[in-house]
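# Structural overview for review
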Amino acid sequence: MASNTATTVLLNLAVVLLIMLVVCTDTSQQDVNPTNTLSGNYFIFCFPTNRRPMERHRTMSIQLHSVSYTNVTNVYLTAPGISWSSQVILNRNRMATTVTAPAEAEANIAETLQTGTIIITSDSHIYVTAVSYAESSLATFPVPPFDSASGYEFFIANYQPAPKYPSEIVLTSSDAPANVVMTKHQGMSFNDLVFPGDFQYSENGDGTIRFVLPSKQSLQLLCSFDCTGLKITTDKPITVLSGGECTFVTVYDLDCDHIAAYMPSVDRLGQHFTLGPFAARDAGYVARIVAAQDDTNVTLSSFGTFPMNTGQYLDKDITTEHRVITITATRPILVVQFAKGQTSDSQIGHFGDPFMMIVPPQEQYINSITFAHFGLQQYELSSYLSLVLPCKLLGGMLFNGEVIEGAGWEAFQEGNQCVVRKELSTSGINHITHLSSEAKFGAFFYGFGNELSFGHALDHNSIHITEPVIPVTYCPEDETEDDELGILSWPRTTAGTMAQSNQRCPLDSEKGGDGKAKRLCAFDEEQFVAMWMPHETQSCGEITEVELDDLPQIPVVEDNVEEVANALEDLTDDIKTITPEDMENVADTLSNIVAVETSSEEVTTLVVETVNNLILGEIISDDSSNSSSSIILSLEHQIEVSLRHFNSVRIIEPALAVNALTINTTEDGTSNIIGGLTFFVKQDKDENGLTDKNVKTVTDVSQVPENIETSIVMPENLFAGMKGTQQVSFKVYQESSLFISPSKDQNLIVAGSVVSGDILGSSKLKFEEPITIKFLPYQIPDIASFVSNTSLCVFWDFDLQNGVGDWSTEGCTFVGIENDRVVCQCNHLTNFAVLMDITGHGRIDAALNVITYVGCAISIIALVLTLCIFIGFRKLRSTRQRVVLIHFCISLLSLYVVFVAGIDTAVNSKVGCVVVAALIHYFTLTTMMWMAVEARNLYSKLVTVFGAERDWFMKVATLIAWGCPLIVVGVAVGIAHDQYTSDDHCFISPGPLFYYAQILPIGLVLLHNSVTFIVIMYSIHTTRMNTAKFKDTNRKEEIYARLQNAITISVLLGLTWVFGFLAMIPGATETFQVLFCIFNSLQGLMIFILFCCRAEDVRKVLTPYYCGWIKVPSRETSYDVGKRETASSAAGTSTA
């Protein structure tokens, strides 16, 4: 070696003394935060796609190496797009460890933007190395800190891809969106450059592709050709990773491998390079040089000088085993060294596939390097270290404190440049330095195994060798003046595109939403800067009518966002039925509105009103589920924007309430919250929906009333660890119509409202103390009878069903029933609801409907026949009892007809619905009143010893029976006509009016009739028992007569209504509902049977008309209250 030329003892002694001095003051045990490239505390990257379809043993890992020797280092790893996070603590002594990354962190060619982008932060400097392995395919690449690797201008270098395995380019942004321009060099084509998914980009005739890379996102592009020389410029810093899924180098055989390396920005390119041979490779290597500027002359030792222009590249196949070459250039260049595959070698036993290594220029060599050799032993690789430096400095090089003489070191020389290399047999932390602080060197770490390889440069300085060129690829905001239009303002615009003025055409014009003028933002290739061209005015066209499907196509900017929002609210205000097309148009328009991110209070109110309109409308198809989630997200985003500007938002609509506020916490984490921050809706809301008086947010949980309809409590301790201001948003959706579950389980319904709570910036957090939510399932009257085993506490997960969204129970538990409220607890914040299994209840409802309508139809026919018989035959209506019966039948028939014809069909007309509900109310009361009249008539005949007829009885009875209900209904409609409508049917709504104007009169009539019934039965019993005939006749005849009387009177007095009251008893609801529907709906039929079929005088009159089909019985013991009793028969049994 070169150090062997030092033959004097004095020089050797001096070297030994220097070594001892260095060892005694070893800087490797001192804590510093170096400024070199590969160590830092903020990293953002994405794993490029490794060889497919090699799914077996597929792993990705991240090697972390602490720079600190004395301090503990906390490292935080997150991938927000896939909800993955990890925390690692690196102890002292420059500890190193490996973290396994999730499979989703690998770039997916089907994704538009890579959700697996990983962000790493630490509280002191660390080194990060990414390792990607698929069977027979391995790549390792150091991940530089974003600040050290990012730039504004790059050139791509990779290699001709293998068949089926494309080249790859991964672009990653940080805090700001970047306008990216990709420029091809002469001879390159964009035809085989593949963008993922539906990513938006524009290919221009000037040989460029332009697009916007969103902040903190990664974009992977695929090249089916060699992309070397492709130029990338941007207006915001980005990083560029290049490589190939599985690449051959020089030989197409069994030796392709995954390659990947970060491209240095143009300002970090140098002009002087040294390349050394790889161990275990007798076939040499491939050197690739890429020119960054025109008129570049590149000189390779022993090969000559080569002129090159921008984007051109030069390959040199170094075919000898021990060849060192030096490269110099007149302008900055990019140099890449490729290891060849194992089938390139002639020696048996030389293993390893290709790898790609960026060669740093000599201008970036440094004096001290620490690196970790670990985590690769499982792949059975032979690892090597190569050092590049001037030969005169070899004598002062130290590796782990020892001079690099002998002990397995090999040396190679080209001119005054030397390369030394050594196989590393043990893993651990290694430190390389030079005795002289002025000496600089380069270091490379690589290895080979069976069908595997890796290689990359170790630390080098991140200095900008040339001044960074920051291209201006956009035209800034600007103003111009027009003679007709006045002042025109122009938005920031990407170069090469046509801008529309912020002053827009009215929506009701042919070009509604377009700019009143247009202006080109051109790009000057020579000056490398964008510039505005003169503007041109354009006509808005004729006035037209704006339709809902026009709005998504209208560009929305700050100047017209309020106009578009107002038009959307107007167009959705009158929608009764909402189609999937309507939902899609609304969703797209809302997305355009909220994308402007205006803090206008008017726009926020209009957005809330639009969503309220959709909730009140009828969504007629479950195909709207995707649009529904988009609408909810747009609403949440607009509220967030407004809250950040105004610190509070409160908007109350009938079906949607928003209450957002700011909570202040002190430095020690305390606030004015007592028990919990609570948002609630009181149960006593008026029938118009939510109002300002019943939607509240309180900071003291003791202020929450018991009669809540829904509530959400954020516990006091939730804010204990938060400092400063916390912005909290609450929402309640009175109906769940926007939350359309794609799973479509018909047995599960959302019982009650949907309530939402969110702390801005904390949507992904999980809390130790749960959030408590309470719901009143107002759709289910008897909650206690079935809720305990059929309730699911859920939240709306927007990520389920491929982004469509669905209900999920993750993190939510059912606690129990409290005061008829379902109580849930969840460990996170979002949109909450309770699902209830209504299996069986739907069948009961359907059965009740069938019973009701069939029974009513039969009763209508029976009542019509009854009326025809009694009205058609004069002698049948000669008694007062028969006249009362006719009035009763007319009233009951009217009730049945209005009920069947209008209770469900009139809901679409507010006036019609009120009329139908009022008529049902009126005829219900008149029917009950005529029952009371008949009871009083029976009483006067049977109890008052069959007193004489009173001529005024029927006049007074008619006035009271038809008039009193008219007064009650008239007053009720005048006071609260809005109580006579609902969304489902036309009937008086439950509430005080229902109880006092309907239930109370019915109850009083039933009470009156029941008392009258008891008195009459007692009178009949006493009369029968004192009759000689009953003393002498068979006991069975007596019981039969009494039973016949009881059945007749019970029908007349309407005791079946008792079942209606009994149906309110918990646990017995369904039984008495069925009984009530059967008996009440068939009451008309029972009247026909009892008063037509069983009445002897009726049968005698009808006998000639039905040809003697029914024989008239000769028995005279039937009890007929229809024939007027005489004084002579008062003691006996009256006959018809």
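Residues numbered from 1 in each chain as written. Predicted model: local features only at pLDDT ≥ 70, side-chain atom pairs only at ≥ 80, totals over all residues. Heavy atoms only, no water.

### Comments concerning the overall build of the chain
Assigned secondary structure in the chain consists of 17 helices and 56 strands. A total of 1136 residues make up the chain; the buried ones form 53% of that total. Counting only contacts in the chain whose residues sit at least 6 apart along the sequence, the fraction spanning at least 24 positions is 75%. As displayed, the chain has an accessible area near 50000 Å², and 54% of this comes from carbon and sulfur atoms. (Helix = DSSP H or I, 4+ residues; strand = E, 2+ residues; numbered from the N terminus. Buried < 20%, exposed > 50% of the residue type's maximum accessible area, 1.4 Å probe, protein only. Contact = heavy atoms within 4.5 Å. Areas by Shrake-Rupley, 256 points an atom, 1.4 Å probe, with all protein chains shown as cover.)

### Remarks on the packing of aromatic side chains
Following the criterion strictly, the structure yields 29 aromatic pairs and no others. Where Phe679 meets Phe730, the ring centres are 5.2 Å apart and the plane angle is 0°; that geometry is what we call stacked. Here Phe679, found in strand 45 (residues 675–682), pairs with Phe730, found in strand 48 (residues 724–733); they are 51 residues apart in sequence, far enough to count as distant. Members of the aromatic cluster, connected to one another through ring pairs, are Phe278, Tyr285, Phe355, Tyr384, Tyr446 and Phe448. It is Arg492 that lies over the ring of Tyr474; its NZ or CZ is 3.6 Å from the centre. (Phe/Tyr/Trp six-rings, centres within 6.5 Å; stacked < 30°, edge-to-face > 60°. Lys NZ or Arg CZ within 6 Å of the ring centre and 35° of its normal.)

### Brief notes about the environment of Ile771
Secondary-structure assignment places Ile771 in strand 51 (residues 771–775). Overall, Ile771 belongs to the buried group, its relative accessible area being 0%. Taking the C-alpha atoms as reference points, Ile771 and Cys812, 41 residues apart in sequence, are found 9.1 Å from one another. In this structure, Ile771 is in contact with Ile712, Val713, Met714, Pro715, Leu718, Cys824, Gln825, Cys826, His828 and Leu829, ignoring residues within four places of it in sequence.

### Topic: the sheet that holds strand 45
Pairing in this open sheet of six strands is antiparallel, and the strands run 46-45-47-51-55-54 from one edge to the other. Two strands close off the open sheet at either side, each with one partner strand: strand 46 (695–700) and strand 54 (812–818). Along the sheet, successive strands turn relative to each other by an average axial angle of 15°, direction set aside. In this sheet, strand 46 lies alongside strand 45 in antiparallel orientation, the contact comprising five bridges. Directly across from Phe679, in strand 46, lies its bridge partner Thr697. (Pairing = 2+ DSSP bridges. Axes fitted to C-alpha atoms, helices over the stretch in contact; angles between N-to-C directions.)

### Some words on a nonpolar patch on the surface
Side chains of Trp952, Val956, Leu959 and Ile960 sit close together on the surface and give an oily, nonpolar patch of about 420 Å² of accessible area. Within the secondary structure, Leu959 is located in helix 10 (residues 952–975). With a relative accessible area of 64%, Leu959 lands in the exposed category. (Patch = residues over 30% accessible without salt bridge, like charges linked within 9 Å, V, L, I, M, F, W, Y side chains within 5 Å. Salt bridge = Lys/Arg side-chain N within 4 Å of Asp/Glu carboxyl O.)

### Regarding the packing of helix 4 (residues 580–595) against helix 5 (residues 601–616)
Across the interface, helix 4 lies against helix 5 with an axial gap of 12 Å and an inter-helix angle of 165°. Overall, the two elements helix 4 and helix 5 adopt an arrangement that is roughly antiparallel. Both helix 4 and helix 5 take part in a crossing whose hand is left-handed. Contact residues: helix 4 offers Met583, Val586, Leu590 and Ile593, while helix 5 offers Val603, Val607, Thr610, Val611 and Leu614. (Parallel < 35°, antiparallel > 145°, perpendicular 65-115°, else oblique. Left-handed = near helix turned anticlockwise from the far one by under 90°.)

### Examining unusual backbone geometry
The backbone of Lys216 sits at a positive phi, close to 50°, despite the residue not being glycine. Along the polypeptide, Lys216 turns up in the loop between strand 13 (208–213) and strand 14 (218–223). Residue Lys216 is classed as partly exposed on the basis of its relative accessible area, which comes to 38%. Residues other than glycine seldom take positive phi values, yet Glu451 does so here, at roughly 65°. Within the element layout of this structure, Glu451 appears in the loop between strand 31 (442–449) and strand 32 (452–457).

### Description of the pairing of strand 13
Counting buried residues along strand 13, five of its six residues qualify, which places the element largely inside the surrounding structure. The pairing of strand 10 (residues 178–183) with strand 13 spans six bridges and is antiparallel. Pairing of Met182 across the sheet is with Ile209, part of strand 13. As paired strands, strand 12 (residues 202–203) and strand 13 are joined by two bridges and run antiparallel to one another.

### Some points on the pattern of salt bridges
Summed over the entire model, instances satisfying the criterion amount to twelve salt bridges. Between Glu410 and Arg421 there is a salt bridge whose closest N-O contact spans 3.2 Å. Here the residue Glu410 occupies a position in strand 28 (residues 410–414), and Arg421 occupies one in strand 29 (residues 417–424), the gap between them amounting to eleven residues. Here Arg644 ties to Glu640 by a salt bridge, and the two come within 2.8 Å at their closest N and O atoms. Highlighted residues: Arg644 and Glu640, both in helix 6 (residues 625–646), separated by four residues, approximately one helical turn. Glu640 sits in the partly exposed class, given a relative accessible area of 28%. One salt-bridge network, held together by shared partners, links Asp226, Arg288 and Asp315.

### Structural notes on the state of the cysteines
Simply put, the disulfide is a covalent bond whose two ends are the sulfur atoms of two cysteines. According to the stated counting rule, one finds seven disulfides in the structure shown. A disulfide bridge connects Cys793 with Cys824, and the sulfur atoms are separated by 1.9 Å. Here the disulfide of Cys793 and Cys824 is left-handed, its torsion about the S-S bond being about -75°. Placement of Cys793 in strand 52 (residues 791–797) and of Cys824 in strand 55 (residues 821–826) is noted, with a sequence separation of 31 residues between them. There is no split in this pair, since Cys793 and Cys824 are both buried. Here Cys1092 stays free of any disulfide, with the sulfur of Cys1093 as its closest cysteine sulfur at 6.4 Å. (Disulfide = S-S within 2.5 Å.)

### Description of empty space enclosed by the protein
Summed over all chains, the structure comprises seven cavities of 30 Å³ or more. When its volume is computed, the second largest cavity comes out at roughly 250 Å³. Lining the second largest cavity are 21 residues, and of these Thr129, Phe371, Ala372, His456 and Leu458 lie nearest its centre. When residues of the lining of the second largest cavity are traced back to their parent elements, those giving at least two are strand 2 (59–66), strand 6 (118–134), strand 7 (137–142), strand 24 (368–373) and strand 32. Classifying every residue of the lining of the second largest cavity gives 13 nonpolar, seven polar and one charged. (1 Å grid on protein atoms, 1.4 Å probe; cavity = no way out; pocket = protein on both sides within 12 Å on 5 of 7 lines; lining within 4 Å. Points joined across faces, edges and corners; volume = space filled by probe spheres on them. Nonpolar A, V, L, I, M, F, W, Y, C, P; charged D, E, K, R; others polar.)

### What about helix 4?
Between its terminal C-alpha atoms helix 4 stretches 22 Å, which fits the 22 Å expected from 16 residues at 1.5 Å a residue. Within helix 4 the residues assigned to the buried category are Asp582, Met583, Asn585, Val586, Ala587, Thr589, Leu590, Ile593 and Val594. Directly after helix 4, the chain includes Glu597, whose backbone phi takes a positive value near 55°. (Expected span 1.5 Å × (residues − 1).)

### A look at the confidence of the model for the chain
Looking at the chain as a whole, its pLDDT mean stands at 80, while 80% of the residues score no less than 70. Confidence drops under a pLDDT of 50 for residues 1–33, and excluding neighbours within four residues, the segment shows 37 contacts in the predicted structure. Across residues 1038–1043, where pLDDT falls below 50, the model places seven contacts with residues more than four positions away in sequence or in other chains. (pLDDT = per-residue confidence, 0-100.)

### With respect to the sheet that holds strand 26 (residues 397–399)
The four strands are arranged 24-30-26-27 in an open sheet whose pairing can be described as antiparallel. Of all strands in the sheet, those with a lone pairing partner are strand 24 and strand 27 (402–403), marking the two edges. Sheet analysis places strand 24 next to strand 30 (residues 428–434), joined by six bridges and oriented antiparallel. What sits directly across from Ala372, in strand 30, is Ile429.

### Some details on the nonpolar core
Core analysis: the largest hydrophobic core is formed by 61 residues, its most contacted members being Phe870, Trp930, Tyr980 and Val1098. Broken down by element, this core gets its largest block of residues, 15 residues, from helix 9 (residues 910–942). The contacts of Trp930, once residues within four sequence positions are left out, are Val884, His887, Phe888, Ser891, Met954, Ala957, Thr958, Ala961 and Trp962. Of all hydrophobic cores here, the second largest spans 49 residues; its members include Ile554, Val556, Val586 and Trp807. (Core = buried A, V, L, I, M, F, W, Y, C linked by side-chain atoms within 4.5 Å.)

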